[in-house]
Amino acid sequence: MVSPKDFVGRDVLSILDFNREELDYIMDVADEVERNMDAYRGLLSGKTMAILFFEPSTRTRLSFEAAMKKLGGLTLDMGEPTRASIEKGETLTDTIRVVQNYADLIVLRHPKEGAAKLAAEVADIPVINGGSGAEEHPTQAMLDLYTIRRCKKRIDGLRIGILGDLKYGRTTHSLAYALSNYDVKLYLVSPELLRMRREVLRHISGRIEVQELESIDQVLPELDVLYVTRIQKERFVDESEYLKVKGSYRVTIDTLSKMKKDAIIMHPLPRVDEIAIEVDSTPNAVYFKQVYYGLLTRMSIISLVLGALSGK
Amino acid sequence: MVSPKDFVGRDVLSILDFNREELDYIMDVADEVERNMDAYRGLLSGKTMAILFFEPSTRTRLSFEAAMKKLGGLTLDMGEPTRASIEKGETLTDTIRVVQNYADLIVLRHPKEGAAKLAAEVADIPVINGGSGAEEHPTQAMLDLYTIRRCKKRIDGLRIGILGDLKYGRTTHSLAYALSNYDVKLYLVSPELLRMRREVLRHISGRIEVQELESIDQVLPELDVLYVTRIQKERFVDESEYLKVKGSYRVTIDTLSKMKKDAIIMHPLPRVDEIAIEVDSTPNAVYFKQVYYGLLTRMSIISLVLGALSGK
Amino acid sequence: MVSPKDFVGRDVLSILDFNREELDYIMDVADEVERNMDAYRGLLSGKTMAILFFEPSTRTRLSFEAAMKKLGGLTLDMGEPTRASIEKGETLTDTIRVVQNYADLIVLRHPKEGAAKLAAEVADIPVINGGSGAEEHPTQAMLDLYTIRRCKKRIDGLRIGILGDLKYGRTTHSLAYALSNYDVKLYLVSPELLRMRREVLRHISGRIEVQELESIDQVLPELDVLYVTRIQKERFVDESEYLKVKGSYRVTIDTLSKMKKDAIIMHPLPRVDEIAIEVDSTPNAVYFKQVYYGLLTRMSIISLVLGALSGK
């Protein structure tokens, strides 16, 4: 049986560090947070979270900041990375050793793979990986899971498509790992060039049914969930190749017309034009609700890691 | 009769959305806030304001942030616009839909006219226009009105000069609209090139006595209030033209000597050299007090819009 | 006898403004803050500190922000200086007059010497110098003193070496002044080019025993404290000169082997490579603890200046 004690002081580096029971528990607490928002308002009074983002990120930063503040905690934001610290040449290790004097928890986003792990090794306080390199984004995967559970009332038994850049999109890696804890069928749909990383595929293939495709069309009628990610122009040497791909990975009203009535469309945001604006007003579009579920999920995980729910 | 209920959930997009009774009410609440600062300290506990500034602005941002925090509310600042969001190409509409998941109120500053209106249409929560394009700056007009009321004990019956760039200066537009609710005589003093926008002039001319002038000299002895704004070099094609204009729109001790003893000098700040520093220490200079009255005004409007004053 | 009343409303511009009894008192309060952290949590509720940093500084900014927030106070950060204010050409004097409307205390960092003094003259509220030019950094000196007292249980009777750039390093000036209140022997070790400023040397020489050296080697066995600072390449015209110097001012395990067993190594941070990483894990390395002692020291000084400890 999972209990709040199991989370106290833990780092959140990879979604792989959490088993199904733990993921379910985090989601149960997110439900609880929503039901008792007022009661949670002062929960983290006297606790401080340091936000160390070495990559620009409005959305993830705001989400963590809102989560901490709504729980009554303090936030300290190191600010834009291009300035002070980096100019003066301080190592990440030293920055962590400085910052942990002010905080009870660190949220780190860093362009380099392995940075979160390194930080966690150095820090005496828990470190949450807020996205590192092209690798992982564990709290995004938790909120994606939670969005599915909220919108579909279950995760087991679903057929889920992940569309777009599965090679560099760190959210897709973490989500695939997370879903492999459940009884789902996963369709990985991407251009040849941007196929799911081999190590992720290897891990999940042994656990759930996975199918790789280059086109979404044939599986649209089966899908309960379509998770869309952006394909970046910079990934292609040949622009004509990019333009061809771009069109065929765009979700429109026409795409929806081929899907189940109650299928949901998700996206980690920001969206550029990979989902047509006309889709926004359909009940299938849940990508803005995802932001709200993300807030609840992060309130849950922060509270658990800081031990605020494991009192007598 | 105006009551706090009339403000709950309202957007603050244009000063034209508020009638005289409402403006007076906002100022009455500002008085009340000052008298009971301690009682207001926890008023907005549990409420969150998102600050979305797509244009640099230290003063307006700090004023809103201070107002919200001093009422016990939380603030979430999206930070500098040049980074994350814009780089990734997200639309304003999407940003609003994301941010409203974290907040009860949005304050938006944007370089494009119409941005605040667009945001308000999309958002499920109230939007306060913190300045949009060269158009309007409604809360600045409210604080300007309030400063006049505080310093002159009334607004009706005053003779008020607005000096400088009346074409591009958004504060002058909002202020002229605001003053047209009162029984004032307005002198609009500007170079030919920077005359008050025609649509503003048309609106206010039907309501109050207005006179346009190119020189302030002849009306100085009549004025109760002189509102000074900056004339920017960039507005002129010919630098010699700019230099000529600049000198004659500068307020000095000599200017004061031609005015009533109790006339007040206002300025939206930042000031460069359009008011001589020697004026600062006179009792006529109220432009730094204006900042404090601005804090009270914004505490008032935020409390009203969030419904914190409309309880039983 | 020093009492909390002696600090209320005072500016903190130079370490020279504080005598030994006052410095001891600030440190006593820092001890007290640590012992009763929970009791201090709401001490500054309703108070606001404005952070005006015209130079990038992650560490000092975070330390002040953490100190204020952990005492229950509000912070308002003007943000990066390159933007709004400076673009619009506002003077420091005007910025101070604006900001003091929102705050009870200003912390200022500025590249120009004399800026903090100017700000204090203009402001009606206390100003803390968070570092100005190459001049002074008084709260850093206080935390350095406190670190020594915490780690060595006393200050009197110690032999202390300050190593590195004693000409441009503002922390070394303030520290030397601060130490001259105690019965210490001071070794000032630097390249000829970067010798301690003459006015500092003149001041402290009359009060304590001081010796200037170019090499640390001969005094290593005597030292109780070694305070290391960075030597910047830009100070040297000739790169070969820099490289020579750099090597001989680097602290390594070998350096430690020549020192007393219980000597401590301090550094104001950020460190680049002037202390070898291998030193970090020795009990002699206290430079990360210094950060924590800095938090306590700043909590102390802020509380004192704001009069929160001088109640009935």
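Residues numbered from 1 in each chain as written. Chains lettered and ligands numbered in written order. Predicted model: local features only at pLDDT ≥ 70, side-chain atom pairs only at ≥ 80, totals over all residues. Heavy atoms only, no water.

Asker: So what about the relation of the copies chain B and chain A? Which residues, and what values?
Answerer: Rotating chain B by 120° and translating it 0.0 Å along the rotation axis places it on chain A, where the RMSD comes to 0.0 Å. Accordingly, the operation relating the two chain copies is best matched by a three-fold axis. (Least-squares fit on C-alpha atoms with pLDDT ≥ 70 in both.)

Asker: Residues and numbers for the environment of Ser14 of chain A, please.
Answerer: All names here are of chain A. Relative to the elements of secondary structure, Ser14 occurs in the segment before helix H1 (20-35). Taking the C-alpha atoms as reference, Ser14 lies 22 Å from Asp156; in sequence the two are 142 residues apart. Beyond its immediate stretch of four places on either side in the chain, Ser14 contacts Glu136 and Pro138. For Ser14, the side chain forms a polar contact with the main-chain nitrogen of Leu16, separated by 2.9 Å. (Helix = DSSP H or I, 4+ residues; strand = E, 2+ residues; numbered from the N terminus. Contact = heavy atoms within 4.5 Å. Polar contact = N/O pair within 3.5 Å; in protein donor to acceptor, adjacent residues only side chain to side chain.)

Asker: Account for the interface of chain B and chain A, naming residues and giving values.
Answerer: Contacts between the two partners involve 22 residues from chain B, matched on the other side by 25 residues from chain A. Between chain B and chain A, the buried area comes to about 2,200 Å², and carbon and sulfur atoms account for 56% of it. Taken together, chain B and chain A are joined by 3 salt bridges. Measuring nitrogen to oxygen at the nearest pair gives 2.7 Å for the salt bridge that ties Arg271 of chain A to Asp94 of chain B. Taken together, chain B and chain A are joined by 9 residue pairs in polar contact (both at pLDDT 80 or more). Each residue belonging to the side of chain B that touches chain A can be placed in one class, and the counts come to 7 nonpolar, 8 polar and 7 charged. (Buried area = accessible area lost by both parts, 1.4 Å probe. Salt bridge = Lys/Arg side-chain N within 4 Å of Asp/Glu carboxyl O. Nonpolar A, V, L, I, M, F, W, Y, C, P; charged D, E, K, R; others polar.)

Asker: A description of the packing of H1 of chain A against helix H7 (residues 138-152) of chain A should follow, citing residues and the corresponding values.
Answerer: Two packed helices can be described by the angle between their axes and the distance between those axes. All names here are of chain A. Their axes nearest at 10 Å, the elements H1 and H7 cross at an angle of 65°. On the basis of their axis angle, the class for H1 and H7 is roughly perpendicular. You can see that H1 and H7 cross each other, and the crossing is right-handed. Residue-level inspection shows Leu23, Asp24, Ile26, Met27, Asp28, Ala30, Asp31 and Glu34 of H1 in contact with H7, the latter providing Met142, Leu145, Tyr146, Arg149 and Arg150. (Axes fitted to C-alpha atoms, helices over the stretch in contact; angles between N-to-C directions. Parallel < 35°, antiparallel > 145°, perpendicular 65-115°, else oblique. Left-handed = near helix turned anticlockwise from the far one by under 90°.)

Asker: Tell me about unusual backbone geometry, and please be specific about residues and values.
Answerer: Backbone geometry follows two general trends: most residues other than glycine have a negative phi, and most peptide bonds adopt the trans configuration. Cis geometry is found at the peptide bond from Leu269 of chain B to Pro270 of chain B, where omega equals 5°. Despite not being glycine, Leu269 of chain A shows a phi value in the positive range, around 60°. Along the polypeptide, Leu269 of chain A turns up in the loop between strand E9 (264-266) and helix H12 (289-305). Assessed through its relative accessible area of 10%, Leu269 of chain A is described here as buried. (Buried < 20%, exposed > 50% of the residue type's maximum accessible area, 1.4 Å probe, protein only.)

Asker: I'd like to hear about the sheet that holds strand E2 (residues 74-77) of chain B, residue by residue, with values.
Answerer: All names here are of chain B. Read from one edge to the other, the open sheet built from 4 strands follows the order E2-E1-E3-E4, with strand pairing classed as parallel. What marks the edges here is a single partner per strand, and that holds for E2 and strand E4 (127-132). On average, adjacent strands in this sheet sit at an angle of 15° to one another, irrespective of strand direction. Against the sheet, helix H3 (residues 58-70) engages strand E1 (48-53), E2, strand E3 (105-110) and E4, with an angle of about 175° to E1. (Pairing = 2+ DSSP bridges.)

Asker: Requested: an account of the interface of chain C and chain B, with residues and values cited.
Answerer: Contacts between the two partners involve 21 residues from chain C, matched on the other side by 24 residues from chain B. Summing the contributions of chain C and of chain B, the shared interface buries around 2,200 Å²; its carbon and sulfur component is 56%. Our count for the chain C to chain B interface comes out at 3 salt bridges. Arg97 of chain C is the salt-bridge partner of Asp280 of chain B, the closest N and O atoms lying 3.1 Å from each other. Across the chain C-chain B interface, the total number found is 9 residue pairs in polar contact (both at pLDDT 80 or more). For the side of chain C that touches chain B, the elements supplying multiple residues, two or more each, are strand E2 (74-77), helix H4 (84-87) and helix H5 (92-99) of chain C. The residue makeup of the side of chain C that touches chain B, split by class, is 7 nonpolar, 7 polar and 7 charged.

Asker: Let's hear about the domain arrangement of chain A: which residues, and what values?
Answerer: Residues and elements named next belong to chain A. Taken domain by domain, chain A consists of domain 1 (4-133 + 294-305) and domain 2 (138-291). The gap between the C-alpha centroids of domain 1 and domain 2 is 26 Å. For the domain 1 and domain 2 pair, buried surface summed over both sides reaches about 2,300 Å², with 56% attributable to carbon and sulfur atoms. Considering only the surface of domain 1 that becomes buried against domain 2, Ile15, Arg20 and Met27 emerge as the three largest contributors, covering 29% of it. Taken together, the connections running from domain 1 to domain 2 amount to 7 salt bridges. Linking Arg149 and Asp31 is a salt bridge whose minimum nitrogen-to-oxygen distance equals 3.0 Å. (Domains from an automatic or database assignment.)

Asker: Quick rundown of the pairing of E1 of chain B? Include the residues and the values.
Answerer: Residue and element names in this part refer to chain B. Burial analysis of E1 places 6 of its 6 residues in the buried class, the great majority of the element. Note: E1 against E2, 4 bridges, orientation parallel. Residue Met49 lies in a different strand from E2, and its bridge partner there is Thr75. Once the chain exits E1 it traverses H3 before rejoining the sheet at E2, and the crossover so formed is right-handed. Of the pairings in the sheet, the one linking E1 to E3 comprises 5 bridges and is parallel in character. (Right-handed = clockwise from strand over helix to strand, strands pointing away.)

Asker: Could you give me a rundown of the sheet that holds strand E2 (residues 74-77) of chain A, with the residues and numbers involved?
Answerer: Taken together, 4 strands build an open sheet; the order of strands is E2-E1-E3-E4 (chain A) and the sheet is parallel. Each having just a single partner strand, E2 and strand E4 (127-132) of chain A make up the two edges of the open sheet. Sheet twist, expressed as the average angle between the axes of neighbouring strands with direction ignored, equals 15°. Here helix H3 (residues 58-70) of chain C sits on the sheet and contacts strand E1 (48-53) and E2 of chain A; the angle it forms with E2 of chain A, its principal contact strand, is near 170°.

Asker: Describe the side chain of Asp165 of chain B, and please don't skip the residues or the numbers.
Answerer: All names here are of chain B. Relative to the helices and strands, Asp165 resides in the loop between strand E5 (159-163) and helix H8 (170-179). Within the structure, Asp165 has its side chain in polar contact with the backbone nitrogen of Lys167 (distance 3.0 Å). A distance of 2.9 Å separates a polar atom in the side chain of Asp165 from the backbone nitrogen of Tyr168. When near neighbours in sequence (up to four residues on either side) are disregarded, Asp165 contacts Thr172, Leu194, Thr229, Arg230, Ile231 and Arg235.

Asker: Could you give an account of the packing of aromatic side chains, with specific residues and numbers?
Answerer: In this structure the tally under the stated criterion is 18 aromatic pairs over all chains. When the ring of Phe7 of chain A is compared with that of Tyr25 of chain A, the centres are 5.8 Å apart and the planes differ by 20°; the resulting orientation is stacked. You can see Phe7 of chain A sitting in the segment before H1 and its partner Tyr25 of chain A sitting in helix H1, a full 18 residues away along the chain. For Tyr25 of chain A, a relative accessible area of 22% puts it in the partly exposed group. The rings of Phe7, Phe18 and Tyr25 of chain A are connected pair by pair, giving a single aromatic cluster. For the cation-ring pair, Arg298 of chain B lies above Phe64 of chain B, with the distance from its terminal atom to the ring centre recorded as 4.6 Å. (Phe/Tyr/Trp six-rings, centres within 6.5 Å; stacked < 30°, edge-to-face > 60°. Lys NZ or Arg CZ within 6 Å of the ring centre and 35° of its normal.)

Asker: Explain H7 of chain A residue by residue, including any values.
Answerer: Residues and elements named next belong to chain A. With 15 residues, H7 extends 21 Å between its outermost C-alpha atoms, agreeing within 8% with the 21 Å of an ideal straight helix rising 1.5 Å per residue. Of all 15 residues in H7, 13 are buried, a share of seventy percent or more. Among the residues trailing H7, Lys153 stands out with phi positive, at a value near 65°. (Expected span 1.5 Å × (residues − 1).)

Asker: Let's hear about the environment of Thr58 of chain A: which residues, and what values?
Answerer: Considering the arrangement of structural elements, one finds Thr58 of chain A in helix H3 (residues 58-70). C-alpha separation for the pair Thr58 of chain A and Ser240 of chain A, spaced 182 residues apart in sequence, amounts to 31 Å.

Asker: Just give me the short version of the pattern of salt bridges, but keep the residues and values in it.
Answerer: Throughout the structure, instances matching the rule amount to 89 salt bridges over all chains. Across the salt bridge formed by Glu90 of chain A and Arg59 of chain C, the nearest N and O atoms sit 2.8 Å from each other. Remark: Arg59 of chain C occurs in helix H3 and Glu90 of chain A occurs in the loop between helix H4 (84-87) and helix H5 (92-99); the pair is interchain, linking two chains. Take Glu90 of chain A and Arg59 of chain C: they sit in the same class, and that class is buried.

Asker: Hey, could you go over the confidence of the model for chain A for me, with residue numbers and the actual values?
Answerer: The pLDDT averaged across chain A works out to 93; a share of 96% of its residues lies at or above 70. Reported confidence for the predicted complex is 0.94 by ipTM and 0.95 by pTM. (pLDDT = per-residue confidence, 0-100.)

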